[in-house]
Every structure is written in C-alpha cells, then in structure tokens.
Amino acid sequence: MSYVDGFVLPVPRANVDAYRRLARKAGKVWMEHGALEYVEAVADDVQPGKLTSFPQAVKLKPDEVVVFSWIRYRSRAHRDKVNKAAMADPRVAGMGSEQMPFDDKRMFWGGFKPIVELDAG
C-alpha cells in the first residue's frame, strides 16, 4: 500500500492560471524528490451540501473555486523523506516570497493510509 497527502483549498477564479503555474513548479520539485504522483484538480461538479461539502469546508466565496490535490508516496516514511527534501529545496523556499494566489488560511490537508487501492494498469 502507498501513502497519500491530500489538500483542499479555495482559489479565486481570476487566480487559477497563477495557481496552476505555482502548482506545476511545486509538483516538479516533489516529483524530483521521489513522489510517485502529483495531482491538482479544480472543481467541476461540486455543489454546496446541507451539512458539509467541499465549498463549505473552505468557506468558498462566490468568485472562488475549490482545488482538490493529492501526492502519492510509497509509504509514510517515504512521504516524510520526500517532504523534508522538497521543503528544503530552494525552489520551494522561494515560493514563500511570492504572493500566494489563494487564501492559505482556508486550506486544509492531511496524510492518509489507503485501505483500498485498485489500478487499471
């Protein structure tokens, strides 16, 4: 079984292209340091719920869209090693000086141990 880091965040619609550029840079770093998969996906069919939902979780504003992302690793130990290397990479450190194209205070994330993994390959 692998290990997955998952992320959910709001991005202003006007900043989706800027976010995509930032995500490509970050994804390249994580992949170079050993991540198995790096995916950033923008909401296409996501509705507000009655009790909870992606829009409610990030307190989505009318001019924003939800982004759902994940990074896959071989194991939690592998994740910890990749994240340590990626966070120490000067390209990631330099991202902190850029204006973030999203509200990081409404972003949430976590590490997950898969309980089912199916592969078409």
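Read on for a plain summary of the structure. (Residues numbered from 1 in each chain as written. Predicted model: local features only at pLDDT ≥ 70, side-chain atom pairs only at ≥ 80, totals over all residues. Heavy atoms only, no water.)

**Here we look at the overall build of the chain**
At step 1: Along the chain, the regular secondary structure elements total four helices and four strands.
At step 2: Overall, the chain shows an N-to-C arrangement of helices and strands of β-α-β-α-β-α-α-β.
At step 3: For a compact globule of 121 residues, the expected C-alpha radius of gyration is about 14 Å, and the chain comes in at 15 Å, within 12% of that figure.
At step 4: For the C-alpha atoms alone, the extent of the chain along its principal axes is close to 40 × 40 × 25 Å.
At step 5: Taken across its 121 residues, the chain has 35% of its residues classed as buried.
At step 6: Here the chain contributes 19 positive and 16 negative side-chain charges, whose respective centroids are spaced 4 Å apart. (Helix = DSSP H or I, 4+ residues; strand = E, 2+ residues; numbered from the N terminus. Rg over C-alpha atoms; globule rule 2.2 N^0.38 Å. Buried < 20%, exposed > 50% of the residue type's maximum accessible area, 1.4 Å probe, protein only. Lys, Arg positive; Asp, Glu negative; His and termini not counted. Charge placed at Lys NZ, Arg CZ, Asp CG, Glu CD.)

**A word on the packing of aromatic side chains**
At step 1: The tally for this structure, following the rule as stated, stands at three aromatic pairs.
At step 2: Relative to Phe68, the ring of Phe54 lies with its centre 5.8 Å away and its plane at 55°, an arrangement referred to as tilted. Within this pair, whereas Phe54 is found in helix 2 (residues 54-57), its partner Phe68 is found in strand 3 (residues 64-73), the two being separated by 14 residues in sequence.
At step 3: Note on Phe68: relative accessible area 36%, which makes it partly exposed.
At step 4: Geometrically, the ring pair formed by Phe68 and Trp70 is tilted, given 5.4 Å between the ring centres and 45° between the ring planes.
At step 5: On the accessibility criterion, Trp70 (26% relative accessible area) is partly exposed.
At step 6: An aromatic cluster is present here, built from Phe54, Phe68 and Trp70 joined pairwise through their rings. (Phe/Tyr/Trp six-rings, centres within 6.5 Å; stacked < 30°, edge-to-face > 60°.)

**Description of unusual backbone geometry**
Most peptide bonds take the trans form, and the phi angle of most residues other than glycine is negative.
At step 1: In this model, Lys59 sits at a positive phi of 50°, which is unusual for a non-glycine residue.
At step 2: Along the chain, Lys59 falls in the loop between helix 2 and strand 3.
At step 3: For Lys59, a relative accessible area of 64% translates into the label exposed.

**Considering the sheet that holds strand 3**
At step 1: The antiparallel open sheet is built from four strands, whose spatial order is 2-3-1-4. Two strands in the sheet have a free side with no partner beyond their single neighbour: strand 2 (37-42) and strand 4 (108-112). In this sheet, neighbouring strand axes are inclined to one another by 15° on average, regardless of whether the strands run parallel or antiparallel.
At step 2: As defined by bridge partners, strand 1 (residues 3-12) adjoins strand 3 across ten bridges and the pair is classed as antiparallel. (Pairing = 2+ DSSP bridges. Axes fitted to C-alpha atoms, helices over the stretch in contact; angles between N-to-C directions.)

**Points about a nonpolar patch on the surface**
At step 1: Taken together, the side chains of Ile115, Val116 and Leu118 define a hydrophobic patch exposed on the protein surface, amounting to about 420 Å² of accessible area.
At step 2: Relative to the helices and strands, Ile115 resides in the segment after strand 4. (Patch = residues over 30% accessible without salt bridge, like charges linked within 9 Å, V, L, I, M, F, W, Y side chains within 5 Å. Areas by Shrake-Rupley, 256 points an atom, 1.4 Å probe, with all protein chains shown as cover. Salt bridge = Lys/Arg side-chain N within 4 Å of Asp/Glu carboxyl O.)

**Quick notes on helix 3 (residues 76-88)**
At step 1: Relative to the 18 Å expected for 13 residues at 1.5 Å per residue, helix 3 spans 18 Å between its end C-alpha atoms, a close match to the ideal helical length.
At step 2: Contacts from the buried residues of helix 3 go to strand 1, helix 1 (16-32), strand 3, helix 4 (90-95) and strand 4. (Expected span 1.5 Å × (residues − 1). Contact = heavy atoms within 4.5 Å.)

**Some points on the environment of Ala43**
At step 1: One can find Ala43 in the loop between strand 2 and helix 2.
At step 2: What makes Ala43 partly exposed here is its relative accessible area of 27%.
At step 3: Along the sequence, Ala43 and Pro114 sit 71 residues apart, while their C-alpha atoms lie 22 Å from each other.
At step 4: Sequence-distant contacts of Ala43, defined by excluding residues within four places in its chain, comprise Val65 and Val66.

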